[in-house]
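Tertiary structure, described
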Amino acid sequence: MMTNYILQAQGASGAGSFQLIFLLGMILVFWLFFIRPQAKKAKEQKKFIENLQKGDRVVTIAGIHGKIQQLNEDGTISLEVSPGNYIKVEKSAISMEWSNQVNKAATAAK
């Protein structure tokens, strides 16, 4: 009878360690496929925003196309949307993906 209790205790211990390994594996997969790529994309977006210059053609996250006329000290940009018409937008409102697509299409057309 005593050996029966010992075997049950060892079986429960093995199941607990398997669950722990499984949980750690799930956390690792979640980090590899969700957190890491998101952090990488955020870092690229930040670098893109820091490298904006006067004259760059950009698209905002709202879909507004324009050319950077002035980089302001308060973290905003004066964007020329049509000749003589300017709007003030936050730097963070510039879409890296859409701006790259517009610039790629413009370079391909030349």
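Just so you know, these numbers come straight off a predicted model, no measurement behind them.

1. Brief notes about the overall build of the protein chain
Counting its secondary structure elements, the protein chain contains two helices and four strands. Sorting the 110 residues of the protein chain into buried and exposed places 18% on the buried side. Pairs at least 24 residues apart make up 34% of the contacts formed inside the protein chain by residues separated by at least 6 positions. Roughly 8700 Å² of accessible area belongs to the protein chain as shown, and the carbon and sulfur atoms make up 62% of that amount.

2. A few points about the confidence of the model for the protein chain
Put simply, the protein chain has an average pLDDT of 85, and 86% of its residues get 70 or more. Low pLDDT, under 50, characterises residues 1–7; the stretch is placed with zero contacts to residues that sit more than four places away or in other chains.

3. Description of the nonpolar core
Within the largest apolar cluster, 10 residues are counted, these being Phe48, Ile49, Leu52, Val58, Ile68, Ile77, Leu79, Val89, Ile94 and Met96. Of all elements in the fold, only α1 (2–50) and β3 (76–82) reach the threshold of two or more residues within this core. For Ile77, the residues in contact, after removing those within four places along its chain, are Leu52, Ile68, Gln70, Leu71, Asn72, Ile87, Lys88, Val89, Lys91 and Ile94.

Analysis parameters
Residues numbered from 1 in each chain as written. Predicted model: local features only at pLDDT ≥ 70, side-chain atom pairs only at ≥ 80, totals over all residues. Heavy atoms only, no water. Helix = DSSP H or I, 4+ residues; strand = E, 2+ residues; numbered from the N terminus. Buried < 20%, exposed > 50% of the residue type's maximum accessible area, 1.4 Å probe, protein only. Contact = heavy atoms within 4.5 Å. Areas by Shrake-Rupley, 256 points an atom, 1.4 Å probe, with all protein chains shown as cover. pLDDT = per-residue confidence, 0-100. Core = buried A, V, L, I, M, F, W, Y, C linked by side-chain atoms within 4.5 Å.

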